[in-house]
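Overview (structure and organization)
One letter stands for each residue in the lines below.
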Amino acid sequence: MPQIIPFGPQHPVLPEPIHLKLSVVDGIITEAVPAFGFVHRGLEKLADIRDFHQMIQVVERVCGICSMMHAMCYAQGIEEIMGVEVPPRARFLRVIWAELHRMHSHLLWLGLFADSFGFESLFMQIWRIREKVLDINEATTGNRIIVAVNVIGGVRTDLNQEQMRWILSELAEVEKEIRRLETTLMDDYTVKKRTVCKGVLTRSQAFELGLAGPTLRASDVAQDMRMLGYAAYNELDFEPVVEKDGDCYARCKVRFRETLQSIDIIRQAVSKIPEGELSAKVKCRPDGESVSRVEQPRGECFYYIKANGKKNLDRLRIRTPTFANVPAILAMLPGMWLSDVPVIVLSIDPCIACTER
Amino acid sequence: MKGEMISVSIDTVVGETAKIKVEGYRFVTMSCAELDQTMIDILYHFDKDLELKHLRLTVLRDTPVPSVSPVYFAAFLVENEIQDLFAVRFKGLAIDYERTLYLDEEVKVTPFCKYTVEKTGWGVGSKQ
Amino acid sequence: MFKRMITESRIKSPWLLHYDCGSCNGCDIEVLACLTPVYDIERFGIVNVGNPMHADILLVTGTVNHRNKKVLVNLYDQMPHPKVVVAIGSCGLSGGIFREAYNVVGGVDKVIPVDVYVPGCPAKPEAIIDGVVIGLQKFHEKM
Ligand code: SF4
């Protein structure tokens, strides 16, 4: 007879409420069924009361961690419908802030992941480094997390030469500190013991479940929405980070390498950024349909926008990366020990606020 | 809209999806939009090497739609979501939350419909 | 005497419980950031716990919706007396930007009594620490 063990919604490892009903036989999980709805707000429906410019503030609050990318994805969708050409400087600035967001999100995750297997000092160290990235956000935009730089047609704030130099010098320090943690995070015996061969997803499994982002790339599928070349990514030089094993360790490695990759992308963007306007003029109202995709820290984010020439949008549909990654939890958990649940659940980097909106 | 768009009907949607799966596409998601009081649009989005492909299914709200979750397991979540928000019934769901995925039992209305649909009468018809 | 000792140590070292009701994560992450070296709320003797029965202060971020209000009330009831509730972020105060959304009941004070309100979207870690310290004074008064 399997025992039913509830996991969540309030759980010390998870910063957010997700509820899993786990059927357990002798400490081994046989089935996992998730339950949602604890953070569902229904903000897609707010498109009925807010006009399409104001919706930027709402979509920024789909998720506080990757807020800038949500706004960027939304703005790109509207710009596509209206045929607005974003000035080159704005596109580069978007890349810079997007990569800063990716860094702080990945560092956040690396910390929480360390915490999930009980390595608290590593958690503290990583979050100490992360504060530096947040300081950059605060100094350049005025807010630590929800930076609110996007408007339809471009960006709102500029960076001057001095600020960019300062960002680079801060990032050099961040890089040094991250590299110092590399041996602990990647080679430590206890870390490996808890993560290697846990929650394995093969390449075909991952593809079939429709996963996204680092979870997919850790299973050897080189899929990165940045290769679409939105914003200024087509002018920058990078490769998707791919790992072969598909276990928790591989996912950790992907995210770790992406953090360093982000630093590199920011350096390139700063060196190539052209002078010019910050935003294009936006006249009239959107009419038509579009889909827009960006690569968020957790994977591919998908916006479907339907407008009808009025000031409110007809339909705004947001599919966030965690929504795509939830089936991975269901596929990975059966057969694992109960004590591995936090590690495996966290390995997809769940963001429940995103998932339920 | 970027990507190729194919129109399907209730009878062909599962078959088309299976065909797309054989072609090696990844399931991205589904979107649902209300056209008017009775008709809704369901879009299925697929992706292969960064190329999108969409299926468009336009149905009456009261007609049960066959689920594609036997083909792509990942579809069960989004189908449950549409079931919650639009009061469309999906047949053959892999995991059926019975319209309690997001909304609690005490919430009686369907938020995304421009007119109210009571929870008790769902699947049979919709009442004002 | 034993009782006095417990009372005094509860004031000196309160334990806090954090629950996220429908927050967008912004405030949530800032609460966690308070625990980490740069802000380090532990220097006030504050420890973050996972069990409501051990907690003295409840930090709530985000709006209340129909499903999580039961969880919230449940957590509140399980905490021992006296208890202090700190609502964080404009969402926790009034519903914030989401107040018109269909699944949102409103601020935390619609469901449980709130002692300290910390504004901001997201609330800054400094503000959260300030709120908790004010909460401590209230806690003292309730003793
Ligand atoms: S107050 Fe702002 S940052 Fe905090 S949970 Fe609400 S929307 Fe998010």
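Above this text you will find the structure in question.
Residues numbered from 1 in each chain as written. Chains lettered and ligands numbered in written order. Predicted model: local features only at pLDDT ≥ 70, side-chain atom pairs only at ≥ 80, totals over all residues. Heavy atoms only, no water.

Along chain A, the regular secondary structure elements total twelve helices and eight strands. Here the C-alpha atoms of chain A give a radius of gyration of 20 Å, agreeing with the 21 Å that 2.2 N^0.38 yields for 357 residues. Dimensions of chain A, computed from C-alpha atoms along their principal axes, come out at roughly 65 × 45 × 35 Å. For chain A, the residues scored as buried account for 67% of the 357 residues in total. Considering only contacts within chain A whose residues lie at least 6 apart along the sequence, 71% involve residues at least 24 apart. When the accessible area of chain A is evaluated, it comes to approximately 11600 Å², of which 51% is carbon and sulfur surface. (Helix = DSSP H or I, 4+ residues; strand = E, 2+ residues; numbered from the N terminus. Rg over C-alpha atoms; globule rule 2.2 N^0.38 Å. Buried < 20%, exposed > 50% of the residue type's maximum accessible area, 1.4 Å probe, protein only. Contact = heavy atoms within 4.5 Å. Areas by Shrake-Rupley, 256 points an atom, 1.4 Å probe, with all protein chains shown as cover.)

The subject of this paragraph is the packing of helix 3 (residues 88–116) of chain A against helix 4 (residues 120–141) of chain A. All names here are of chain A. Where helix 3 contacts helix 4, the axes come no closer than 8 Å and their chain directions differ by 160 degrees. The angle between helix 3 and helix 4 places the two elements in the roughly antiparallel class. For helix 3 against helix 4, the interelement crossing comes out left-handed. Looking at side-chain class alone, the contact of helix 3 with helix 4 contains 16 nonpolar, six polar and three charged residues. (Axes fitted to C-alpha atoms, helices over the stretch in contact; angles between N-to-C directions. Parallel < 35°, antiparallel > 145°, perpendicular 65-115°, else oblique. Left-handed = near helix turned anticlockwise from the far one by under 90°. Nonpolar A, V, L, I, M, F, W, Y, C, P; charged D, E, K, R; others polar.)

Neighbouring the ligand are the residues Arg61 and Ile146 of chain A together with Ser23, Cys24, Cys27, Gly89, Ser90, Cys91, Phe98, Gly120, Cys121 and Pro122 of chain C. Residues close to the ligand are split across chains A and C. Among the elements that line the shell around the ligand, the one with the most residues is helix 4 (residues 89–94) of chain C, at three residues. In the shell around the ligand, the residues fall into seven nonpolar, four polar and one charged. (Near = heavy atom within 4 Å.)

All names here are of chain B. Residues of helix 1 (residues 13–22) that are buried: Val13, Glu16, Thr17 and Ile20. Buried residues of helix 1, seen end-on, are gathered within an arc of 100 degrees and therefore sit on one face of the element. Buried residues along helix 1 sit against strand 1 (4–8), strand 3 (39–48), strand 4 (51–60) and strand 5 (65–66). (Arc of directions from axis to C-beta.)

Turning next to the environment of valine 33 of chain A. When you line up the elements, valine 33 of chain A lands in strand 3 (residues 28–35). Along the primary structure valine 33 of chain A and isoleucine 352 of chain A are separated by 319 residues, whereas in three dimensions their C-alpha atoms are 15 Å apart.

Another point: the side chain of serine 67 of chain A. Summarising the element assignment, serine 67 of chain A is placed in helix 2 (residues 67–82). With residues up to four places along the chain from it excluded, the contact list for serine 67 of chain A reads Glu60, His101, Ile145, Ile146 and Val147 of chain A.

Residues and elements named next belong to chain A. The antiparallel open sheet is built from three strands, whose spatial order is 6-7-8. Because the sheet does not close on itself, it has two edges, and the strands there are strand 6 (287–296) and strand 8 (315–319). Going across the sheet, the axis of each strand differs from the next one's by a mean of 10 degrees, ignoring polarity. Of the strand pairs in this sheet, strand 7 (residues 299–308) and strand 8 are connected by five bridges, and their pairing is antiparallel. Bridge pairing links tyrosine 304 to arginine 317 in strand 8. Of the strands in this sheet, strand 6, strand 7 and strand 8 touch helix 2, which is tilted by about 150 degrees from strand 6. (Pairing = 2+ DSSP bridges.)

All names here are of chain C. By the criterion of burial, strand 5 (residues 84–88) is predominantly enclosed, with five of the five residues buried. Covered by surrounding structure in strand 5 are Val84, Val86 and Ile88 together with Val85 and Ala87, the residues of both alternating faces. When strand 5 meets strand 7 (residues 116–118), the two strands line up parallel, connected through three bridges. Its bridge partner lying in strand 7, isoleucine 88 is registered against valine 118.

Note the cis peptide between cysteine 121 of chain C and proline 122 of chain C, where omega equals -10 degrees. The topology assignment puts proline 122 of chain C in the loop between strand 7 and helix 5 (125–142). Even without being glycine, alanine 148 of chain A reaches a positive phi, approximately 50 degrees. If you trace the backbone, alanine 148 of chain A turns up in the loop between helix 4 and strand 4 (150–151).

When a protein is soluble and globular, its nonpolar side chains tend to lie buried together. The biggest cluster of nonpolar side chains holds 146 residues, and the ones touching the most others in it are Tyr74, Tyr233, Tyr303, Leu316 and Leu333 of chain A together with Ile88 of chain C. Ranked by residues supplied to this core, first place goes to helix 3 of chain A with 16 residues. Other than its neighbours up to four places away in sequence, tyrosine 74 of chain A contacts Phe52, Met55, Ile56, Val59, Ile152, Tyr303, Ile305, Leu313 and Leu316 of chain A. Of all hydrophobic cores here, the second largest spans 37 residues; its members include Val326 of chain A together with Val13, Phe27 and Val59 of chain B. (Core = buried A, V, L, I, M, F, W, Y, C linked by side-chain atoms within 4.5 Å.)

Here we take up the sheet that holds strand 3 of chain B. All names here are of chain B. Spatially, the four strands line up as an open sheet ordered 1-4-3-2, and their pairing is mixed. The sheet is open, and its two edges are formed by strand 1 and strand 2 (26–34), each paired on a single side. The mean angle between the axes of side-by-side strands here comes to 20 degrees, regardless of whether they run parallel or antiparallel. Where strand 1 lies against strand 4, five bridges are found, and the strand directions are parallel. Paired with serine 7 across the two strands is arginine 56, which belongs to strand 4. Taken strand by strand, helix 1 contacts strand 1, strand 3 and strand 4, and its axis lies near 170 degrees from that of strand 4.

Attention now goes to the interface of chain A and chain C. The figure often quoted for interface size is the accessible area lost as the parts come together. Counting from both sides, the interface comprises 40 residues of chain A and, opposite them, 40 residues of chain C. There are two salt bridges connecting chain A and chain C. Among the elements of the structure, helix 1 (55–60), helix 3 and helix 4 of chain A are those that each provide at least two residues to the side of chain A that touches chain C. In terms of residue count, helix 4 of chain A provides more of the side of chain A that touches chain C than any other element does, seven residues in total. (Salt bridge = Lys/Arg side-chain N within 4 Å of Asp/Glu carboxyl O.)

Residues and elements named next belong to chain A. Note on placement: leucine 122 falls in helix 4. With 188 residues separating them along the chain, leucine 122 and lysine 310 place their C-alpha atoms 51 Å apart. Ignoring sequence-local partners within four residues, the contact set of leucine 122 consists of Ala114, Leu181, Thr184 and Leu185.

Here we take up a nonpolar patch on the surface. Residues and elements named next belong to chain C. Where nonpolar side chains cluster on the molecular surface, the patch consists of Phe2, Met5 and Ile6 and spans about 330 Å² of accessible area. Along the chain, the position of phenylalanine 2 falls in helix 1 (residues 2–12). Exposure remark for phenylalanine 2: the relative accessible area of 59% places this residue in the exposed category. (Patch = residues over 30% accessible without salt bridge, like charges linked within 9 Å, V, L, I, M, F, W, Y side chains within 5 Å.)

All right, on to helix 2 of chain A then. Three- or four-residue spacings in an α-helix give side chains the same orientation, since the helix completes a turn every 3.6 residues. The terminal C-alpha atoms of helix 2 of chain A lie 23 Å apart, and with 16 residues this matches the ideal 22 Å at 1.5 Å per residue to within 8%. Within helix 2 of chain A, 15 of the 16 residues are buried, which leaves it mostly tucked inside the rest of the structure. (Expected span 1.5 Å × (residues − 1).)

Looking now at the pattern of salt bridges. Residue and element names in this part refer to chain A. Tallying each qualifying case throughout the model produces 32 salt bridges over all chains. Put simply, arginine 217 and glutamate 295 hold a salt bridge, and the shortest N to O gap is 3.0 Å. Pair noted here: arginine 217 is in helix 8 (residues 214–217) and glutamate 295 is in strand 6, with a separation of 78 residues, a long-range link. Salt bridges here are not isolated pairs; linked through shared partners, they connect Glu99, Arg102, Arg217, Asp224, Arg226, Glu258 and Glu295.

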